[in-house]
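# Structural description and commentary
Chain by chain, the residues run as shown.
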Amino acid sequence: MADCIFCKIANKEIPSSVVYEDEQVIAFKDLEPQAPVHVLVIPKRHIESVAALTADDKALAGHILCEVIPQIAKEQNLDKKGFRVVANTGDEGGQTVKHLHFHVLGGRSMQWPPG
Ligand code: AMP
Ligand code: ZN
């Protein structure tokens, strides 16, 4: 999608620090990390948010949640101590980039409730 910063990252039109990539998914370090480990996992195809997912996206969503995120957590040494997965969704959800992304945060204790 034109003018989408994460589509541009997926297409390598703008640089990022990639930690994982396959045909459908790319994961890269957040530019403004909120924890010692802060990775963003995105589908390469433009999907606006969790709210825009449909039954047609089941395989992709399952791939991200069941395979990609656990693998990244393991590689970043987060799987034993724990970590947080966040998908800010829509304006009140605090989503600033309107391309579906999962934050993977770890390396410190997380607080609850979030702000
Ligand atoms: P959200 O507020 O949930 O939409 O998250 C968007 C995230 O994208 C923020 O944590 C930003 O720091 C991050 N971000 C924005 N632009 C870039 C970029 N070019 N490379 C890496 N992370 C970015
Ligand atoms: Zn996009």
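Bear in mind the structure is a predicted one, so any value in this text is a computation, not a measurement.

### Thoughts on the side chain of Gln-95
Positionally, Gln-95 belongs in the loop between β4 (83-86) and β5 (102-106). In terms of polar contacts, Gln-95 uses its side chain to reach the backbone amide nitrogen of Gly-90, at 2.8 Å. Aside from chain neighbours lying at most four places away, what touches Gln-95 is Glu-48, Ser-49, Asn-88, Thr-89, Gly-90 and His-101.

### Let's talk about the pattern of salt bridges
Under the counting rule described, the total for this entry stands at five salt bridges. Of the charged contacts, one joins Lys-44 and Glu-21 as a salt bridge, the two residues approaching to 2.8 Å between their closest N and O atoms. Highlighted residues: Lys-44 in the loop between β3 (37-43) and α2 (58-75) and Glu-21 in strand β1 (residues 18-21), separated in sequence by 23 residues. Relative accessible area serves as the criterion here: at 37%, Glu-21 is assigned to the partly exposed category. Overlapping salt bridges, with partners in common, bring together Lys-12, Glu-21 and Lys-44 in one network.

### Concerning the coordination of the zinc ion (ligand 2)
The protein atoms that coordinate the zinc ion (ligand 2) are Cys-4 (SG), Cys-7 (SG), His-46 (ND1) and His-99 (ND1), at distances spanning 2.1 to 2.3 Å. Every donor residue of the zinc ion (ligand 2) comes from the same chain, spaced as C-x2-C-x38-H-x52-H. Taken as a pair, Cys-4 in the segment before α1 (5-10) and His-99 in the loop between β4 and β5 lie far apart in primary sequence, 95 residues in all. Residue Cys-4 shares its accessibility class with His-99, and that shared class is buried.

### Some remarks on the pairing of β5
Burial runs high along β5: five of the five residues are buried. Here β5 shows no split at all, with Phe-102, Val-104 and Gly-106 on one side and His-103 and Leu-105 on the other all buried. As paired elements, β3 and β5 share five bridges and run antiparallel to each other. Bridge pairing in β5 places Val-41 opposite Phe-102. The pairing of β4 with β5 spans four bridges and is antiparallel. Paired with Arg-84 across the two strands is Leu-105, which belongs to β5.

### What about unusual backbone geometry?
Between Trp-112 and Pro-113 the backbone carries a cis peptide bond, its omega angle lying at 5°. Relative to the helices and strands, Pro-113 resides in the segment after β5. Not every positive phi belongs to a glycine, and Lys-12 is a case in point at roughly 65°. You can see Lys-12 is positioned in the loop between α1 and β1. Although it is not a glycine, Asn-77 adopts a positive phi angle of roughly 60°. Inspection of the secondary structure assignment puts Asn-77 in the loop between α2 and β4.

So, how was this worked out
As a convention, each chain's residues are numbered from 1 in the sequence order in which they are written. Chain letters start at A and ligand numbers start at 1, both assigned in the order the entries are written. Note on the predicted model: pLDDT of at least 70 is required for a residue's local features to be given, and 80 or more for side-chain atom pairs to be given and counted; whole-chain, interface and lining totals, by contrast, use all residues. With hydrogens and water stripped out, all remaining heavy atoms of the structure feed into the side-chain values. In this description a helix means any DSSP run of H or I spanning at least four residues, a strand means any run of E spanning at least two, and both kinds are numbered starting from the N terminus. Contacts described as polar in this section are N or O atom pairs within 3.5 Å, which, within protein, must combine one atom able to donate a hydrogen with one able to accept it, while residues neighboring in sequence count only if both atoms come from side chains. Contacts are assigned to residue pairs that have any heavy atoms within 4.5 Å of one another. By definition, a salt bridge exists where a carboxyl oxygen of Asp or Glu is found within 4 Å of a side-chain nitrogen of Lys or Arg. Only protein chains enter the accessibility calculation, which uses a 1.4 Å probe. A residue is then buried if its area is under 20% of the maximum for its type, exposed if over 50%, and partly exposed in between. Each metal's donors are the N, O and S atoms found within 2.8 Å of it, except that Na, K and Ca use a 3.2 Å limit; water is left out, so coordination can look incomplete. Strands are treated as partners if at least two bridges between them are detected by DSSP.

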